[in-house]
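Structural characterization, general
Chain by chain, the residues run as shown.
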Amino acid sequence: MDERFQSIVDAGCSRKRLNPEDCEYLLSFDEKSLETAALIEAADSFVRKQCSNKGEIAAQIGIIVGPCYADCAFCSFAASTTDVEDYTMGPEELTRYLKEISSAGIVSKVSLMTIHNIDIEELLDSVRLARSVLPENIEIAVNTGDLEYDEAEDLFDAGARSAYHAFRLGESIDNWLEPRGRIDTMKNLKKAGFKVATGVEPIGPEHSGREIADHYFRMMELGCDCCSASRRECVPGTRLFDAGEISERRLLQIRSALLICSTWCDRTEFGFYGGFYGGFNRIYAEYGGSPKDLEEMSEKGLMRTVDWARRHLESDGYSIHDVQMYIS
Ligand code: SF4
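All figures in this text were calculated on a predicted structure; none of them were measured in a lab. (Residues numbered from 1 in each chain as written. Predicted model: local features only at pLDDT ≥ 70, side-chain atom pairs only at ≥ 80, totals over all residues. Heavy atoms only, no water.)

Topic: the overall build of the protein chain
Threshold: A run of H or I in DSSP becomes a helix once it reaches four residues, and a run of E becomes a strand once it reaches two; helices and strands are each numbered from the N terminus. Here the globule rule is a power law, 2.2 Å times the number of residues to the power 0.38, and the radius of gyration is based on C-alpha atoms. Relative accessibility thresholds used throughout: buried, under 20% of the residue-type maximum; exposed, over 50%; partly exposed, between the two (1.4 Å probe, protein chains only). The criterion used for residue contact is that any of the two residues' heavy atoms lie within 4.5 Å. To be clear on the numbers: accessible area is Shrake-Rupley with a 1.4 Å probe, and residue cover counts the displayed protein chains and nothing else. For this count, His and the chain ends are skipped, Lys and Arg are scored as positive, and Asp and Glu as negative. The atoms used to mark charge sites are NZ of Lys, CZ of Arg, CG of Asp and CD of Glu.
For the protein chain, the count of helices and strands is 11 helices and nine strands. Against the globule reference of 20 Å for 328 residues, the protein chain gives a C-alpha radius of gyration of 19 Å, in line with a compact fold. In the protein chain, which comprises 328 residues, the proportion classed as buried is 55%. Nonlocal contacts in the protein chain, meaning residues at least 24 apart in sequence, comprise 74% of its contacts between residues at least 6 apart. Summed over its atoms, the accessible surface of the protein chain is roughly 14300 Å², and 49% of this surface lies on carbon and sulfur atoms. Positive and negative side-chain charges of the protein chain, numbering 36 and 57 respectively, have mean locations separated by a distance of 5 Å.

The structure is reproduced here in structure tokens:
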């Protein structure tokens, strides 16, 4: 085993501070190498110890979708390539989804997802409805466009407590969004009281280990509470459809490297739980409209339902997190 590799992994497992160069080094090995196998094993056992082998399920519902003027080159809602029509989920349908998703008692968080260009009043109404329908111990998250401080504060007052806001690889190159607006929104969300999760995404074969490591550490420096990593999925009809996908193994290698390089940071959920949604012990089910799916309702397309999430975690050897544990 490579000596430098081993000393970085050992330091990460002991919660010692690591830097982007260490992370880049972990990512420099072939995904089929012995080193990568050891990295994945180290991250996996770190997570299992942190979470006592319990898995957590969250569910995302795409509630406001349609042609999105951010026009991300990988997204099924990109205005220049989509056939999707404007759609806002009505209160009755949203209530039905919320009840169905929460009925098994294994979902700890519901995220309401929208495209970039929305009427904020519609999202506020949906957050208030979700708060009135869901049990108190299910947290409400939002995944929406850029927000002014007042809008973030209104969403917090309506009952949302966490938010996912990506500063994407290729922001302003693969879409029309301004990087400044993404970062200001994260700051506005934090100032309004939100826990903010972000992600290194959408990772494609063209992204080097250095780019991924630098992006990740930059997100951590912004003070985000949690950072995930996801790959770009090839959605037919999008401008980046032919740009290729990284393998599941490479994605697992990336997630493992990012996790091992952030165990020192006890401000983040990594430090406490050692995992993140979209990998290891945490997983998102997806309902309603999804940027990764051409089906109108993703539970009928990609079929990543709560039951799929439960089976996925169980087949990885996790027991399912009891949401009652969230009652304080
Ligand atoms: S990824 Fe989000 S912001 Fe980008 S086009 Fe799709 S819905 Fe809009």
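Now that the structure has been shown, the text picks up again.
Quick look at the site of the ligand
Note the cut-off: Throughout, near means a residue has at least one heavy atom within 4 Å of the molecule or strand. Think of it as three bins: nonpolar holds Ala, Val, Leu, Ile, Met, Phe, Trp, Tyr, Cys and Pro, charged holds Asp, Glu, Lys and Arg, and polar takes everything else, Gly as well.
By nearness alone, every residue bordering the ligand is listed as Cys68, Ala70, Asp71, Cys72, Phe74, Cys75, Ile115, His116 and Arg168. Its residues assigned to classes, the shell around the ligand shows six nonpolar, one polar and two charged.

Concerning helix α11 (residues 306-315)
To keep things clear, this is the line we draw: Note that the arc is computed from the directions linking the helix axis to the C-beta atoms.
Along α11, the residues that are buried comprise Val306, Ala309 and Leu313. The buried residues of α11 all sit within an arc of 60° when viewed along its axis, so they share a single face. Of the surrounding elements, those touching the buried residues of α11 are β1 (54-65), α4 (91-102), β3 (107-114), β8 (282-288) and β9 (319-320). At the exit of α11 stands Gly317, carrying a positive phi of roughly 90°.

Quick word on the pairing of β3
This is how it is decided: Here the rule is simple: two strands pair whenever DSSP picks up at least two bridges between them.
Most of β3 sits out of view: eight of its eight residues are buried. With seven bridges connecting them, β1 and β3 associate as parallel partners. Across the sheet, Ile61 pairs through a bridge with Leu112, a residue of β3. Pairing of β3 with strand β4 (residues 139-143) involves five bridges; the strand directions are parallel.

Examining the packing of helix α5 (residues 120-133) against helix α6 (residues 149-158)
Inclusion rule: Only the stretch in contact is used when fitting a helix axis, every axis being a line fitted to C-alpha atoms; angles between N-to-C directions are given from 0 to 180 degrees. With respect to orientation, any angle under 35 degrees is reported as roughly parallel, any angle over 145 as roughly antiparallel, any angle of 65 to 115 as roughly perpendicular, and every other angle as oblique. Crossings are assigned a handedness: left-handed for a near helix turned anticlockwise from the far helix by less than a right angle, right-handed for a clockwise turn.
The geometry of α5 relative to α6 is characterised by a closest axis approach of 8 Å and an angle of 20° between their N-to-C directions. If you check the angle between α5 and α6, you find them roughly parallel. The hand of the α5/α6 crossing is right-handed. Two secondary-structure elements touch here, α5 through Ile120, Leu123, Leu124, Val127, Arg128 and Arg131 and α6 through Glu151, Asp154, Leu155 and Ala158. By residue class, the composition of the contact of α5 with α6 is six nonpolar, no polar and four charged.

Things to note about the nonpolar core
Here is the rule: The nonpolar core is taken to be a set of buried Ala, Val, Leu, Ile, Met, Phe, Trp, Tyr and Cys residues, with the residues joined through side-chain atoms within 4.5 Å.
Judged by nonpolar contacts, the single largest core of 83 residues is most densely connected at Leu26, Ile61, Val110, Leu112, Val127, Leu155 and Phe194. The residues contacting Phe194, other than those within four sequence positions of it, are Val142, Ala152, Leu155, Phe156, Ala160, Arg161, Ser162, Ala163, Leu189 and Asp225. Counting 12 residues, the second-largest nonpolar core is a separate cluster that includes Cys72, Phe77, Ile115 and Leu177.

Remarks on a negative patch on the surface
Basically, it comes down to this: Patch membership requires more than 30% relative accessible area and the absence of a salt bridge. Residues of like charge join within 9 Å; the nonpolar side chains Val, Leu, Ile, Met, Phe, Trp and Tyr join within 5 Å. By salt bridge we mean one thing: a side-chain nitrogen of Lys or Arg within 4 Å of a carboxyl oxygen of Asp or Glu.
A surface patch of like charges, here negative, comprises Asp119, Glu121, Glu122, Glu148, Asp150, Glu153, Asp154 and Asp157. Sorting the residues of the negative patch by element identifies α5 and α6 as the ones contributing at least two each. Ranked by the residues each element gives to the negative patch, the list is headed by α6, at four residues.

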